[in-house]
Amino acid sequence: MVGSRQRIAACRGRTGRAALSFTDFFAIDWSGQAVERPKGLAVAHARAGTEAPEIVDRAWSRQDVLEWLEQLARDGTRALIGLDLSPAFPFHDEGTYFPGWEASPVDGPALWQLVDELSADDPHLSATSFINHPHARRHFRQRGDCGDLFPPGRGRFRVCEHGQEAMRLSPYSCFNLVGASQVGKSSLTGMRVLHRLRSKLGLWPFDPMPETGPVLVEIYTALPARLAGMRKGISKIRDRETLDTLLAAFGSAPHRPLPRYDDHATDAMLSAAWLRVAAAQSELWSPTLLTPELACTEGWTFGVP
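Quick notes on the rules
- Residues numbered from 1 in each chain as written.
- Predicted model: local features only at pLDDT ≥ 70, side-chain atom pairs only at ≥ 80, totals over all residues.
- Heavy atoms only, no water.
- Phe/Tyr/Trp six-rings, centres within 6.5 Å; stacked < 30°, edge-to-face > 60°.
- Buried < 20%, exposed > 50% of the residue type's maximum accessible area, 1.4 Å probe, protein only.
- Helix = DSSP H or I, 4+ residues; strand = E, 2+ residues; numbered from the N terminus.
- Core = buried A, V, L, I, M, F, W, Y, C linked by side-chain atoms within 4.5 Å.
- Contact = heavy atoms within 4.5 Å.
- Polar contact = N/O pair within 3.5 Å; in protein donor to acceptor, adjacent residues only side chain to side chain.
- Pairing = 2+ DSSP bridges.
- Axes fitted to C-alpha atoms, helices over the stretch in contact; angles between N-to-C directions.
- 1 Å grid on protein atoms, 1.4 Å probe; cavity = no way out; pocket = protein on both sides within 12 Å on 5 of 7 lines; lining within 4 Å.
- Points joined across faces, edges and corners; volume = space filled by probe spheres on them.
- Disulfide = S-S within 2.5 Å.
- pLDDT = per-residue confidence, 0-100.

Q: Run through the packing of aromatic side chains, naming residues and quoting values.
A: All told, the structure shown has 19 aromatic pairs when counted by the stated rule. The interplanar angle of 65° and the centroid separation of 6.2 Å between the aromatic rings of Phe-22 and Phe-25 together place this pair among those described as edge-to-face. The burial state of Phe-22 is the same as that of Phe-25; both residues are buried. Ring geometry for Phe-26 against Trp-68: centres 5.0 Å apart, planes inclined by 80°, an arrangement best described as edge-to-face. With a gap of 42 residues between them, Phe-26 in strand 1 (residues 24–29) and Trp-68 in helix 2 (residues 62–75) connect regions that are remote in the sequence. You can call Phe-26 buried: its relative accessible area is 6%.

Structure representation (structure tokens):
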């Protein structure tokens, strides 16, 4: 418990106004697919100004993304980088990530380390071994295997995910690994990457805002779409005209035509354009319910006020 208090104390001061000047804005549509090069991985780049975002076109692997982020950090690029994944599990509701498990971590960085260590033998930075661990699996809903500690209903939610619901979004519990909209596998693979980025590149609000270099934030790609005027119940952007209309809501010029329009590429592009606008909105760096304890344990979705 003493160690937990010390870690939480170290987080104080990370929830206030950030340094808001960035030159580059990246959005990464993530994927938890247990293959080397998931089709759902997409990276979009917007520069300061009004020029339309562009897709960083390559067949990405999670290892590629990790090495690219490390290079941005070495170069000192002042970039705001949005990751479309949940960096932690719910903690506030039970006072722990995994009730009943003595090895349950005390904060986000310790969680990332545990996931990475227990999945060390899994290829492609996947996390199959973690969700099959005899203690961890009890908390997850998996296909054909609902853990005895997965609660009735939709599962546990982080505080910021309740905030997403208040914005009329449709969050899913990270403990749910079933269905096309599940986010748990993406989150777990992302945690492995976050662990390997420790001391190289910080994630708001877990880490202090650096005065130079890149900054990572958690994003939810449905949020920019809703803010740009996309109606609830419509979640995919798959044509040029729709994408340009939504980009214009964030002051962006029309984009160069893409060779194909899939929701991974268009989600990333729209999110990059939104980050360029949202970065200067100081209130988004100081969410009303974001406490130092949450900053250490659950984190926060950037853009949820």
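This is not the end of the story, as more comes after the structure.
Q: Break down the nonpolar core for me, with residues and values.
A: Counting 44 residues, the largest nonpolar core has Ile-28, Leu-69, Phe-89, Phe-130 and Phe-140 as the members making the most contacts within it. Mapped onto this core, the elements with two or more residues apiece are strand 1, helix 2, strand 4 (79–83), helix 3 (108–118), helix 4 (128–131) and helix 6 (184–196). The dominant element in this core, judged by the number of residues it contributes, is helix 2, at five residues. Residues in contact with Phe-130, not counting those within four places in the same chain, are Phe-98, Trp-101, Leu-114, Val-115, Leu-118, Ser-119, Asp-122, Ala-136, Phe-140 and Leu-188.

Q: Describe unusual backbone geometry, naming the residues involved and giving the relevant values.
A: The peptide bond linking Trp-204 to Pro-205 adopts the cis configuration, its omega dihedral lying at 0°. For Pro-205, the location among the structural elements is in the loop between helix 6 and strand 7 (215–218). A positive phi is found at His-124, a non-glycine position, where the angle reads about 65°. Here His-124 lies in the loop between helix 3 and helix 4. Its identity as a non-glycine residue notwithstanding, Arg-168 has a phi of 65°, on the positive side.

Q: Which residues make up helix 5 (residues 159–166), and what values do they have?
A: Among the residues of helix 5, those classed as buried are Val-159, Cys-160, Glu-161, Gly-163 and Gln-164. Elements that come into contact with the buried residues of helix 5 comprise strand 7 and helix 10 (292–297). A positive backbone phi angle near 65° is found at Arg-168, which sits one or two residues after helix 5.

Q: Residues and numbers for helix 3, please.
A: Counting buried residues along helix 3, eight of its eleven residues qualify, which places the element largely inside the surrounding structure. Restricting attention to buried positions, one finds in helix 3 the residues Gly-108, Pro-109, Ala-110, Leu-111, Trp-112, Leu-114, Val-115 and Asp-116. On its buried face, helix 3 is in contact with helix 4, helix 6 and helix 10. The N-terminus of helix 3 is capped by Asp-107, whose side-chain oxygen sits 3.0 Å from the backbone nitrogen of Ala-110.

Q: Go over the sheet that holds strand 4 with me, naming the residues and quoting the values.
A: On the basis of which strands lie adjacent, the open sheet formed by five strands has the order 3-2-1-4-7 and mixed pairing. Bordering the open sheet on either side are strand 3 (54–55) and strand 7, each of which pairs with just one other strand. Two strands pair when backbone bridges link them, and strand 4 and strand 7 are joined in this way by four bridges, in the parallel orientation. In the strand pairing of strand 7, Leu-83 is matched with Glu-218. Helix 9 (residues 263–278) contacts strand 1, strand 2 (42–47), strand 3, strand 4 and strand 7 of the sheet and is inclined by roughly 145° relative to strand 1.

Q: Tell me about empty space enclosed by the protein, and please be specific about residues and values.
A: Rolled over the atoms, a probe sized like a water molecule indicates the empty space that remains. Counted by the stated rule, this structure contains one cavity of 30 Å³ or more. One number sums up the size of the largest cavity: a volume of about 30 Å³. Around the largest cavity sit His-45, Ala-46, Arg-47, Glu-51, Ala-52, Glu-54 and Arg-276, which together line it. Broken down by element, the residue count for the lining of the largest cavity peaks at three residues, all from strand 2.

Q: Account for the state of the cysteines, naming residues and giving values.
A: Applying the stated criterion to the full structure yields zero disulfides. Cys-146 carries a free sulfur, and the closest cysteine sulfur to it, the one in Cys-174, is 16 Å from it. Look at Cys-146 and you get partly exposed, because its relative accessible area is 46%. Cysteine Cys-160 is unpaired, with the sulfur of Cys-174 as its nearest cysteine sulfur at 8.5 Å.

Q: Quick one: what's the story with the confidence of the model for the protein, residue by residue and with numbers?
A: Considering every residue of the protein, the mean pLDDT works out to 92; 93% of them sit at 70 or more. Note on residues 1–6: pLDDT under 50 across the span, and one contact to partners over four residues away in sequence or across chains.

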